[in-house]
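Structural overview for review
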Amino acid sequence: MRNKIVKFAGKDIDVKEKRIGELEILVRELFPSTKGKLKNLDKALNDLELDWDLLYKKIPVIFPDITEEDVKNAYMSELEKLVGAFIDVNFFALKQMLPKLMNLAQIGSQRK
């Protein structure tokens, strides 16, 4: 299991890798329109209206050690590091595969 320690609002947060089923539940809970499916996540993110209340409510869902008050006391750079660590820990393989898949798609489109 992968993990990263990230400093957030003065706390050391242990960002741990989640099981695939846990990620599905998390995606469904954070973005109900996806019904837990990753293929629907891009549309849900595009439709997302980001506001402060959303950050205060959603970040603690992803990271139970963080409170609404912690979010209010954090820097945006800390939030970026926290979310980046979550992506690195949970979607590392996808991040590695994405450039290769994009290359295949480009090669395929050039052959047509």
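In what follows, the accompanying structure is described. (Residues numbered from 1 in each chain as written. Predicted model: local features only at pLDDT ≥ 70, side-chain atom pairs only at ≥ 80, totals over all residues. Heavy atoms only, no water.)

**Some remarks on the pattern of salt bridges**
In a structure, side chains of opposite charge can pair up when their charged atoms sit close to one another. Per the stated rule, a full pass over the model turns up 6 salt bridges. Among the ionic pairs, Asp70 bridges to Lys11, the shortest N-O distance being 2.6 Å. Pair noted here: Asp70 is in helix α4 (residues 68-72) and Lys11 is in strand β2 (residues 11-16), with a separation of 59 residues, a long-range link. For the salt bridge of Arg28 with Glu24, the shortest nitrogen-to-oxygen distance reads 3.3 Å. Here the residue Arg28 and the residue Glu24 both occupy positions in helix α1 (residues 20-30), the gap between them amounting to 4 residues, near one helical turn. Here Arg28 falls in the partly exposed class, since its relative accessible area comes to 38%. The exposure class assigned to Glu24 is partly exposed, which follows from its relative accessible area of 36%. (Salt bridge = Lys/Arg side-chain N within 4 Å of Asp/Glu carboxyl O. Helix = DSSP H or I, 4+ residues; strand = E, 2+ residues; numbered from the N terminus. Buried < 20%, exposed > 50% of the residue type's maximum accessible area, 1.4 Å probe, protein only.)

**Section: the packing of aromatic side chains**
All told, the structure shown has 2 aromatic pairs when counted by the stated rule. Aromatic side chains Phe63 and Phe86 sit 5.8 Å apart centroid to centroid with 85° between the ring planes, which places their arrangement in the edge-to-face category. A residue pair is termed long-range when its members are at least 10 positions apart, and Phe63 in the loop between α3 (52-62) and α4 and Phe86 in helix α5 (residues 76-111) qualify at 23 residues. Judged by relative accessible area, Phe86 falls into the buried class, the value being 12%. A centroid spacing of 6.3 Å and a plane angle of 65° characterise the contact between Phe86 and Phe91, whose relative ring orientation is edge-to-face. The same class applies to Phe86 as to Phe91, namely buried. Aromatic ring contacts, followed pair by pair, group Phe63, Phe86 and Phe91 into a single cluster. Here the guanidinium or amino end of Lys72 rests over the ring plane of Tyr56, the centre of that ring lying 5.1 Å away. (Phe/Tyr/Trp six-rings, centres within 6.5 Å; stacked < 30°, edge-to-face > 60°. Lys NZ or Arg CZ within 6 Å of the ring centre and 35° of its normal.)

**Thoughts on a nonpolar patch on the surface**
A grouping of Leu45, Leu48 and Leu50 is seen on the molecular surface, where their side chains present a nonpolar patch of about 280 Å² in accessible area. Take Leu45: it is sitting in helix α2 (residues 41-47). Judged by its relative accessible area of 43%, Leu45 is partly exposed. (Patch = residues over 30% accessible without salt bridge, like charges linked within 9 Å, V, L, I, M, F, W, Y side chains within 5 Å. Areas by Shrake-Rupley, 256 points an atom, 1.4 Å probe, with all protein chains shown as cover.)

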